[in-house]
Amino acid sequence: MKKIIISTIAVSALLFTVTSCKTDFDTDVKDIPVTKGDADFSKYISLGNSLTSGYSNGALYSSGQNESYPSMIAGQMKLAGSGDFKQPLVPNDIGGFTNLPGFPGKLTLQVVNGALSPVPSAPAATLDILPNGGTYQNMGVPGAKSFHLVAPGYGNPAGLAAGTANPYFVRFASSATTSVLQDAMAQKATFFSLWIGNNDVLSYATNGGTNSQTVGNVTTYTTATVQTGNTNPGTYKSNDISDPAVVAGSIKGVLDGLKSVGTTKGVIANIPYVTSVPFFTTVPYNPLTPAALGANLTALNTSLYGPLKQALTAFGAGDRINLLSSTSANPVLIKDVALQDLSAQLTAALTPALGLAQATLFGQIYGQARQATQDDYILLTTSSVINTNAPGVPAPVNVYGISYPLQNQHVLTKTEAAYVKTATDAYNASIKSLADSYGLAFVDANSKMVELNGQSGISFDGVKYTAKFVTGGAFSLDGVHLTGRGYGIVANEFIKSINAKYRSTLPQVNPNNYGGVKFP
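Residues numbered from 1 in each chain as written. Predicted model: local features only at pLDDT ≥ 70, side-chain atom pairs only at ≥ 80, totals over all residues. Heavy atoms only, no water.

### Re the overall build of the protein
Right, so step 1: Along its length, the protein carries 16 helices and 15 strands.
Right, so step 2: Against the globule reference of 24 Å for 520 residues, the protein gives a C-alpha radius of gyration of 25 Å, in line with a compact fold.
Right, so step 3: Over its C-alpha atoms, taken along the principal directions, the protein stretches across nearly 80 × 50 × 40 Å.
Right, so step 4: Sorting the 520 residues of the protein into buried and exposed places 55% on the buried side.
Right, so step 5: Residue pairs in contact within the protein that sit at least 24 positions apart in sequence constitute 75% of those at least 6 positions apart.
Right, so step 6: Charge-centre separation for the protein: the mean point of 31 positive side chains lies 1 Å from the mean point of 28 negative side chains. (Helix = DSSP H or I, 4+ residues; strand = E, 2+ residues; numbered from the N terminus. Rg over C-alpha atoms; globule rule 2.2 N^0.38 Å. Buried < 20%, exposed > 50% of the residue type's maximum accessible area, 1.4 Å probe, protein only. Contact = heavy atoms within 4.5 Å. Lys, Arg positive; Asp, Glu negative; His and termini not counted. Charge placed at Lys NZ, Arg CZ, Asp CG, Glu CD.)

Shown next as structure tokens:
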């Protein structure tokens with residue numbers, strides 16, 4: 001993980017940034033008597049994924065759950081006469097499952113080699129099966145895609161090994177055969193919130209448009225599929241982009257199921273552009289400064305970048321590689337699977353100068369290589385890969401991002417980012433249409449996240465929040481999920497939409513009262 005040095009000034013800015021910007025509380029109703037308006041908040045349930053559950057810092061843990069946005073909303077609804085809001089709390093404040101590989105505990109900032117760095121905690125408990133089944137009102141399931149909410153058996157412990165079940169739903173599912181929707185319907189709630197669809201595109205993006213498979217200790221990566229036109233999610237791999245009709249149909253299925261038991265009033269949110277979160281915006285495309293490259297800069301130009309540039313220019317692809325600059329920051333070298341593979345051409349062109357063996361190696365490595373541009377997104381997790389040695393590759397062409405291309409799983413390329421945006425726009429058009437046709441309150445979460453990602457950010461009672469990693473205050477250390485303060489911002493968007501639609505007067509929460517990034 002990339003080391004992040006946080007100064008005392010930065011810490012103060014994170015905790016107490018005072019601005020003169022207009023605050024979102026200017027539209028609050030805190031001085032108006034709390035009423036339910038046309039809604040009935042007596043039994044409120046929330047459905048969704050990790051964002052709904054309170055997931056933060058790369059894990060689900062109890063204090064994060066207690067600062068979930070549905071819990072905040074429920075607290076304000078209680079002022080208008082709502083009942084209890086129970087959450088399937090994990091048994092500790094670390095999270096993770098000791099008996100399930102790939103489920104570590106939460107990230108914390110620790111001093112490593114003199115710098116503050118996000119470090120994962122060891123998981124703190126085995127998977128626990130809760131006794132109350134689907135009687136929990138926060139039904140956010142980390143990792144759930146839209147179609148998972150309507151899938152029977154998604155909480156079946158026997159399906160964990162095959163990947164057909166989700167351990168977080170296994171914890172609180174009422175039976176091995178039920179679905180999230182069925183357990184929600186059984187509660188016959190009077191009001192609901194629904195925020196789903198993010199994972200239908202997020203896992204594609206956070207994995208650089210790849211699926212992976214590990215056999216033994218060897219992990220291989222293949223290009224994930226944009227499943228537009230394929231309406232059978234049973235054929236999807238884990239990181240494929242869901243067909244928009246599947247997302248719309250699944251959400252409609254949830255709304256119809258709730259409606260069939262009398263749960264007709266609620267609020268639904270669209271999904272943000274995933275590329276507006278710190279996981280994609282923290283690591284620059286051009287981190288290779290002349291100082292960092294040092295004396296290697298000239299040697300790289302002479303022995304690698306120059307010959308590649310010359311050969312590629314002869315094939316009409318000279319724009320893929322430029323010489324490294326000695327006066328400005330340089331982009332990393334990446335593999336772009338959307339490019340024509342020029343391996344054979346490079347091998348032939350370089351053989352006279354390098355010999356067949358070396359030229360063949362160069363052809364294999366650089367046949368789809370190019371330098372990154374500002375339209376590519378270097379993943380947050382890739383920060384720990386840049387300038388390390390690629391396994392099994394001979395020196396000196398083995399340094400990730402410099403002499404060896406970052407691989408497909410390390411980067412969301414311009415082409416892949418366009419797939420993500422196209423899918424997100426399609427999902428959001430359907431979500432808005434469904435909100436209108438079912439008469440629901442609608443939250444434009446996408447616009448709010450874009451605003452948060454802007455230079456001005458969002459202010460509450462003089463405290464400014466942005467989407468900057470660590471210092472922005474709204475996003476947790478995993479770069480995707482929010483802090484308690486970030487969830488407070490989201491809760492207020494839901495509350496404002498509920499009040500506007502149902503003429504209620506629920507007061508907003510103060511995000512400053514919740515947790516941010518914790519420093520050691």
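### Some words on the pairing of strand β2 (residues 107–112)
Right, so step 1: With 6 bridges joining them, β2 and strand β3 (residues 115–120) adopt antiparallel strand pairing. Bridge pairing in β3 links T108 to V119.
Right, so step 2: Counting the residues that bridge the hairpin from β2 to β3 gives 2 residues, and of these N113 lies at a positive phi of roughly 55 degrees. (Pairing = 2+ DSSP bridges.)

### Details of the pairing of strand β1 (residues 44–48)
Right, so step 1: Judged by how many residues are buried, β1 sits mostly within the fold: 5 of 5 residues are covered.
Right, so step 2: Residues Y44, S46 and G48 point to one face of β1 and I45 and L47 to the other, with burial holding for every one of them.
Right, so step 3: Pairing analysis gives 5 bridges linking β1 to strand β5 (residues 191–195), with the strands arranged parallel. Directly across from G48, in β5, lies its bridge partner W195.
Right, so step 4: Pairing geometry for β1 and strand β4 (residues 138–140), over 3 bridges, is parallel. Looking at the pairing, S46 lines up with N138 of β4.

### Some remarks on the packing of aromatic side chains
Right, so step 1: Under the criterion given, the structure shown has 19 aromatic pairs.
Right, so step 2: Geometrically, the ring pair formed by Y400 and Y404 is edge-to-face, given 5.5 Å between the ring centres and 75 degrees between the ring planes.
Right, so step 3: The rings of F41, Y44, F85, F191 and Y502 are connected pair by pair, giving a single aromatic cluster.
Right, so step 4: Stacked on the ring of F442, the Lys or Arg K432 has its end atom at 5.4 Å from the ring centre. (Phe/Tyr/Trp six-rings, centres within 6.5 Å; stacked < 30°, edge-to-face > 60°. Lys NZ or Arg CZ within 6 Å of the ring centre and 35° of its normal.)

### Here's the deal with the pattern of salt bridges
Right, so step 1: Counted by the stated rule, this structure contains 13 salt bridges.
Right, so step 2: With a shortest N-O distance of 2.9 Å, D38 and R503 are connected by a salt bridge. With D38 in the loop between α1 (8–16) and β1 and R503 in the segment after α16 (484–502), the pair connects residues that are 465 residues apart, well separated along the chain.
Right, so step 3: Through salt bridges with shared partners, a single ionic network connects K448, E451, E493 and K496. (Salt bridge = Lys/Arg side-chain N within 4 Å of Asp/Glu carboxyl O.)

### Let's talk about the sheet that holds β4
Adjacent strands of a sheet pair through backbone hydrogen bonds, lying either parallel or antiparallel.
Right, so step 1: Read from one edge of the open sheet, 5 strands run β4-β1-β5-β8-β13, paired in parallel fashion. Of all the strands in the sheet, the pair left with one neighbour each is β4 and β13 (441–443). In this sheet, neighbouring strand axes are inclined to one another by 15 degrees on average, regardless of whether the strands run parallel or antiparallel.
Right, so step 2: For β5 and strand β8 (residues 266–269), the ladder comprises 3 bridges, and the chain directions are parallel. Note on β8: the bridge partner recorded for S193 is V267.
Right, so step 3: The strands touched by α16 within the sheet are β5, β8 and β13, with β13 carrying the most contacts at an inclination of about 150 degrees. (Axes fitted to C-alpha atoms, helices over the stretch in contact; angles between N-to-C directions.)

### Considerations on the packing of helix α15 (residues 445–453) against α16
Right, so step 1: Interhelical geometry of α15 versus α16 gives an angle of 140 degrees and a closest axis separation of 11 Å. The angle between α15 and α16 places the two elements in the oblique class. Crossing hand, α15 versus α16: right-handed. Residue-level contacts link K448, M449 and L452 of α15 to I489, V490, E493 and K496 of α16.
Right, so step 2: Classifying every residue of the contact of α15 with α16 by side-chain character gives 4 nonpolar, no polar and 3 charged. (Parallel < 35°, antiparallel > 145°, perpendicular 65-115°, else oblique. Left-handed = near helix turned anticlockwise from the far one by under 90°. Nonpolar A, V, L, I, M, F, W, Y, C, P; charged D, E, K, R; others polar.)

### Section: the nonpolar core
Right, so step 1: Formed by 143 residues in total, the largest nonpolar core has its most connected members in L194 and Y366.
Right, so step 2: Here this core gets 8 residues from one element, more than from any other, and that element is α16.
Right, so step 3: Not counting the four nearest positions on each side in its chain, Y366 is found in contact with L304, L308, L333, L346, V397, S403 and P405. (Core = buried A, V, L, I, M, F, W, Y, C linked by side-chain atoms within 4.5 Å.)

### Some thoughts on helix α14 (residues 414–437)
Right, so step 1: In a regular helix each residue adds 1.5 Å, so 24 residues correspond to 34 Å; α14 covers 35 Å between its end C-alpha atoms and thus fits that length.
Right, so step 2: Among all positions of α14, only E416, A417, V420, A423, T424, Y427, N428, I431, L434 and A435 are buried. (Expected span 1.5 Å × (residues − 1).)

### Some points on unusual backbone geometry
Right, so step 1: Here the residue pair A395 and P396 is connected by a cis peptide bond, since its omega of 5 degrees sits within 30 degrees of zero.
Right, so step 2: By secondary structure assignment, the location of P396 is in the loop between β11 (377–378) and β12 (411–412).
Right, so step 3: Unlike most non-glycine residues, K188 shows phi in positive territory, near 50 degrees.
Right, so step 4: Relative to the helices and strands, K188 resides in the loop between α6 (180–186) and β5.
Right, so step 5: By relative accessible area, K188 is classed as exposed at 57%.
Right, so step 6: Even without glycine at this site, V470 takes up a positive phi of about 70 degrees.
Right, so step 7: With respect to the helices and strands, the residue V470 is situated in the loop between β15 (463–465) and α16.
Right, so step 8: Among the residues examined, V470 registers a relative accessible area of 1% and is labelled buried.

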